[in-house]
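Each chain, letter by letter, is given below.
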Amino acid sequence: MPELPEVETLRRGLAHSLPGAEVRAVRVRETRLRRPVRTRRLRSRLVGRSILAVRRRSKYLLVDVEGDTHVVVHLGMSGTLELTPATSPLQTHVHVVLELDSGLELRYRDPRRFGLVDVLSTAELMADPSFTTLGPEPLSDTWRTTDLVDAARGRRVPVKAFLMDARVVVGVGNIYANEALYRAGVHPRRSAGRIAESRWERVHGAVREVLLEAIENRGTTLRDFHDSAGNDGGNAAALRVYGREGEACGTCARPIRRLVLGGRSTFYCPRCQR
Ligand SMILES: [Zn+2]
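Bear in mind the structure is a predicted one, so any value in this text is a computation, not a measurement.

**Q** Honestly, the overall build of the protein chain in this entry has me stumped. Any pointers?
**A** Each helix and strand in the protein chain was counted, giving 8 helices and 10 strands. Dimensions along the principal axes, computed over C-alpha positions, put the protein chain at roughly 60 × 35 × 30 Å. Considering only intrachain contacts with a sequence separation of at least 6, the fraction spanning at least 24 residues in the protein chain is 63%. Across the protein chain, 45 positive and 32 negative side-chain charges occur, with their mean positions spaced 7 Å apart.

**Q** What exactly am I supposed to notice about the packing of aromatic side chains here?
**A** Each aromatic ring pair is specified by the distance between its two centres and by the angle formed by the two planes. According to the stated counting rule, one finds 3 aromatic pairs in the structure shown. Both rings, one in Y242 and one in F267, keep their centres 5.4 Å apart while their planes meet at 70°; by these two values the pair is edge-to-face. Of this pair, Y242 sits in the loop between α8 (197–216) and β9 (257–261) while F267 is found in strand β10 (residues 264–268), placing the two residues 25 residues apart along the sequence. Overall, Y242 belongs to the partly exposed group, its relative accessible area being 22%. A residue is classified by how much of its surface remains accessible, and F267, at 6% relative accessible area, is buried.

**Q** Any chance you could explain the pattern of salt bridges here in plain terms?
**A** As a working rule, side chains carrying opposite charge can pair if their charged atoms are close by. Under the criterion given, the structure shown has 20 salt bridges. Taking the shortest distance from any N to any O, the salt bridge between R153 and D150 comes out at 3.3 Å. Where E247 meets R244, a salt bridge forms, and the shortest distance between an N and an O atom there is 3.1 Å. Several salt bridges share partner residues, and in doing so they unite E8, R11, R12, R56, R57 and E137 into one network.

**Q** Please clarify how the domain arrangement of the protein chain should be interpreted in this entry.
**A** Buried accessible area, meaning the area lost when the parts come together, often serves as the stated size of an interface. Once the domains are mapped, the protein chain shows domain 1 (4–132) and domain 2 (145–268). A separation of 29 Å is found between the C-alpha centroids of domain 1 and domain 2.

**Q** I tried to follow unusual backbone geometry on my own but got confused; where do I start?
**A** The bulk of non-glycine residues show a negative phi, and the bulk of peptide bonds are trans. With phi around 50°, D68 is a residue other than glycine that occupies positive phi space. Despite not being glycine, A253 has its phi angle at roughly 70°, a positive value. Position of A253 relative to the elements: it lies in the loop between α8 and β9.

What counts and how
Residues numbered from 1 in each chain as written. Predicted model: local features only at pLDDT ≥ 70, side-chain atom pairs only at ≥ 80, totals over all residues. Heavy atoms only, no water. Helix = DSSP H or I, 4+ residues; strand = E, 2+ residues; numbered from the N terminus. Contact = heavy atoms within 4.5 Å. Lys, Arg positive; Asp, Glu negative; His and termini not counted. Charge placed at Lys NZ, Arg CZ, Asp CG, Glu CD. Phe/Tyr/Trp six-rings, centres within 6.5 Å; stacked < 30°, edge-to-face > 60°. Buried < 20%, exposed > 50% of the residue type's maximum accessible area, 1.4 Å probe, protein only. Salt bridge = Lys/Arg side-chain N within 4 Å of Asp/Glu carboxyl O. Domains from an automatic or database assignment.

This is the structure:
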């Protein structure tokens, strides 16, 4: 499933080439995504308008278009966006296509169809519950250790589930929560409310580090993820505990263990994480 680094990798690829292009036409080949695709609305709000910027909020890509208009894309479990010449053959599972005046097409492809493509005005975006409930961005300069300390006060939830709660901080999915807690030396099952501020400092730093490293490596491809040019991400080799049950910890050489927390696979070193 694409997480923040994969979405940010896509964003960076698209931000290079999309702004300035004008939408010539919208083709919808399948409307049955997580929310039904609103074909007429996409056409009426996008055709003839130019793309201004490509942003990200949590795991949503926001393509800003002239006239206070935003294409909102969520990749779900298996979505990708590819910018490709209009002449290149259409793959299976391409559900939405924006034809651009540059001779390129932006194609949304999603075999499992849990993703989302919609268009919202700025006011609609600001009022949308998918966005109003979101916590801070982990890579923003305004996200501080004290935000974690304050949010954790009195909470008995395991720290791993706490970090994966989008109201606390957005975009920390299962892979990166595992990796960050390993690097911070914090046991994933420890209660969030029982972690000292000095250790939150390490968790805060580790969350940023694992996300930035994954973006540097152009995302983690486990199954489906590809960047906007169709390449695999290169981060899988940088994972130190995720998917490594039974392998030796890189620090103490004890075997990495796995447990299930909140229904999700959790990997940790029983010696290095307390
Ligand atoms: Zn260890």
